[in-house]
Amino acid sequence: MKLGRLNHVGVATPSIAASVETYRTLLGADAIGAPFDLPAQGVKVCFVNAPNTQIELIEPYDETSPIAGFLKKNPAGGQHHVCFEVPDIHAAVAHLTANGATVLGSPRIGAHGTPIVFVHPKDFGGMLVELMEEPKGAH
Ligand SMILES: CC[C@@H](C(=O)O)C(=O)SCCNC(=O)CCNC(=O)[C@H](O)C(C)(C)COP(=O)(O)OP(=O)(O)OC[C@H]1O[C@@H](n2cnc3c(N)ncnc32)[C@H](O)[C@@H]1OP(=O)(O)O
Ligand SMILES: [Co+2]
């Protein structure tokens, strides 16, 4: 297991369109991707690019979305997860499990096209952590 780069900060929002406008107007964000649907993950996604990382805006795809409960508790949205890259997702899962962490489900393909998993917030002082296998040859 080796901790890699901070890939993105996930931000849950009830409206990607409204959030994009906020990032443009208040922060001068000018490198914003097109929103797209990721029904397999239960979210709509839009990346706001900063020079050293990305903000991942996520809006529920439908009422079964894994972020539905979070938005019920935080109707205006808020910081939802941080995502770190790892060289080998299966090695990371094995390491976390062996050390008593609660890995939520099995690796599945995320928004960057590589496998991701989530680790329960109770293992990180209340912060939901996403691990993402780094794209081959990326760094
Ligand atoms: C765009 C695709 C992909 C990518 O490629 O980047 C993504 O990022 S998808 C992002 C959305 N997907 C996920 O979040 C999947 C993993 N999440 C889950 O499995 C669940 O959301 C959860 C973390 C298990 C929480 O389940 P939920 O049913 O919403 O809430 P609970 O009531 O069971 O919560 C238990 C406990 O955890 C606290 N909590 C919940 N969400 C968060 C959060 N985002 N950050 C910090 N803490 C969180 C919740 O408040 C409860 O705390 P207690 O009340 O103290 O028990
Ligand atoms: Co994410």
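Just so you know, these numbers come straight off a predicted model, no measurement behind them.

Reading the values: the criteria
- Along each chain, residues carry numbers from 1 onward, in the same order as the chain's sequence is written.
- Naming scheme: in the order in which they are written, chains are lettered from A and ligands are numbered from 1.
- The predicted origin of the model limits local features to residues at a pLDDT of at least 70 and limits the giving and counting of side-chain atom pairs to 80 or more, whereas totals for whole chains, interfaces and linings rest on all residues.
- To get the side-chain values, all heavy atoms of the structure are used, and hydrogens and water are removed first.
- Cavities and pockets are found on a 1 Å grid laid over the protein atoms alone: a cavity is a set of points where a 1.4 Å probe fits but cannot escape, a pocket is an open set with protein on both sides within 12 Å along at least five of seven lines, and a lining residue has an atom within 4 Å of such a point.
- Grid points are joined across faces, edges and corners, and a volume is the space filled by probe spheres set on the points.
- Only DSSP runs of H or I with at least four residues qualify as helices, and only runs of E with at least two residues qualify as strands; both kinds are numbered from the N terminus onward.
- Nonpolar residues are Ala, Val, Leu, Ile, Met, Phe, Trp, Tyr, Cys and Pro. Charged residues are Asp, Glu, Lys and Arg, and all others, Gly as well, are polar.
- UniProt positions are given in the numbering used here, feature names are shortened, and annotations may be inferred rather than shown by experiment.
- Within this document, salt bridges are pairs made up of a side-chain nitrogen of Lys or Arg and a carboxyl oxygen of Asp or Glu, the two lying within 4 Å of each other.
- Relative accessibility thresholds used throughout: buried, under 20% of the residue-type maximum; exposed, over 50%; partly exposed, between the two (1.4 Å probe, protein chains only).

Visitor: Would you mind showing me how to read the layout of surface pockets here?
Guide: Take a probe with the size of a water molecule and roll it over the atoms, and the empty space left behind shows itself. Put simply, the largest pocket is a space of about 510 Å³. Every residue lining the largest pocket is counted, 28 residues in all, and those nearest its centre are Ile67, His80, His81, Phe118 and Leu128. Listing elements by their share of the lining of the largest pocket, those giving two or more residues are strand 3 (43–49), strand 4 (54–60), strand 5 (78–86), strand 6 (103–109), strand 7 (115–119) and strand 8 (129–133). The dominant element in the lining of the largest pocket, judged by the number of residues it contributes, is strand 5, at three residues. Along the lines of polarity and charge, the residues of the lining of the largest pocket split into 15 nonpolar, ten polar and three charged.

Visitor: I keep staring at the UniProt feature "domain: VOC" (unreviewed entry) in the protein and nothing clicks. Help me out?
Guide: UniProt annotation of "domain: VOC" (unreviewed entry) refers to residues 5–134 when read in the numbering used here. The span residues 5–134 is 22% helix and 38% strand, and its two end C-alpha atoms sit 9 Å from each other.

Visitor: Looking at this structure, how should I read the pattern of salt bridges?
Guide: Note on pairing: side chains with opposite charge can pair once their charged atoms come close. Summed over the entire model, instances satisfying the criterion amount to four salt bridges. Between glutamate 59 and lysine 44 there is a salt bridge, and its shortest N-O distance comes to 3.8 Å. Of this pair, glutamate 59 sits in strand 4 while lysine 44 sits in strand 3; the two residues are 15 residues apart in sequence, bridging distant segments of the chain. A salt bridge links aspartate 123 to lysine 122; the shortest N-O distance between them is 3.9 Å. The exposure class assigned to aspartate 123 is partly exposed, which follows from its relative accessible area of 29%. With a relative accessible area of 56%, lysine 122 lands in the exposed category.

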